[in-house]
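So you can see what is in the structure, the chains are spelled out below.
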Amino acid sequence: MKSIFSKIIDREIPAEIVAENEQIIVIKDINPKAPIHLLIIPKKEIRDIQSFGPEDFGLAAAIFQMAQELSRTVPGAEEFRLQVNSGHKAGQRVFHVHAHFLAGAEMCD
Ligand code: AMP
């Protein structure tokens, strides 16, 4: 079964899309934990980092590159936190790998 993020990528369900390229889509998180809370999502549906094959690690670079682009283009996002929850115990709830891009507030914890 398709993940909710694949359904967003395929425009089957709506989302606020902030950026997109061949490999990545960026959407606003529906339940933001910071003034700016974006999800950087590889279009390829991979469950978690543990499931990456050798051919998938380029996506990590694509995520970092997109984070840099967002920091330069989204007002207030010059400094940011990038977080990946990989596995249920780590807090992952959507099993389609993604990075949380959090910004716009002091984050000290
Ligand atoms: P995680 O717990 O790391 O798997 O994060 C999943 C994130 O996806 C959570 O922060 C949710 O708020 C977010 N989320 C779930 N469904 C949607 C949706 N339809 N549109 C935008 N964000 C979503």
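What counts, and where the lines are drawn
Residues numbered from 1 in each chain as written. Predicted model: local features only at pLDDT ≥ 70, side-chain atom pairs only at ≥ 80, totals over all residues. Heavy atoms only, no water. Helix = DSSP H or I, 4+ residues; strand = E, 2+ residues; numbered from the N terminus. Contact = heavy atoms within 4.5 Å. 1 Å grid on protein atoms, 1.4 Å probe; cavity = no way out; pocket = protein on both sides within 12 Å on 5 of 7 lines; lining within 4 Å. Points joined across faces, edges and corners; volume = space filled by probe spheres on them. Salt bridge = Lys/Arg side-chain N within 4 Å of Asp/Glu carboxyl O. Buried < 20%, exposed > 50% of the residue type's maximum accessible area, 1.4 Å probe, protein only.

Asks: Break down the environment of Val-84 for me, with residues and values.
Replies: Turning to its location among the elements, Val-84 is positioned in the loop between strand E4 (80-83) and strand E5 (99-103). Taking C-alpha positions, Val-84 is 19 Å from Glu-20, a pair spaced 64 residues apart along the chain. With residues near it in sequence (within four places) discarded, Val-84 still touches Ile-49, Val-97, His-98 and Ala-99.

Asks: Which residues make up the layout of surface pockets, and what values do they have?
Replies: In this structure, the largest pocket encloses a volume near 650 Å³. Taken together, 30 residues form the lining of the largest pocket, with Asp-29, Ile-30, Asn-31, His-37 and Leu-39 sitting closest to its centre. The element best represented in the lining of the largest pocket is helix H1 (residues 4-9), accounting for three residues. Roughly 180 Å³ of volume is contained in the second largest pocket.

Asks: With reference to specific residues and values, describe the pattern of salt bridges.
Replies: All told, the structure shown has eight salt bridges when counted by the stated rule. For Asp-10, the salt bridge goes to Lys-2, with nearest N and O atoms at 2.6 Å. Using a relative accessible area of 31% as the deciding quantity, one classes Lys-2 as partly exposed. With a shortest N-O distance of 2.5 Å, Glu-12 and Lys-2 are connected by a salt bridge. Of the two residues, Glu-12 is situated in the loop between H1 and strand E1 (17-20) and Lys-2 in the segment before H1; the sequence distance between them amounts to ten residues. Judged by its relative accessible area of 47%, Glu-12 falls in the partly exposed class. Taken together, the shared-partner salt bridges in this structure form one network comprising Lys-2, Asp-10 and Glu-12.

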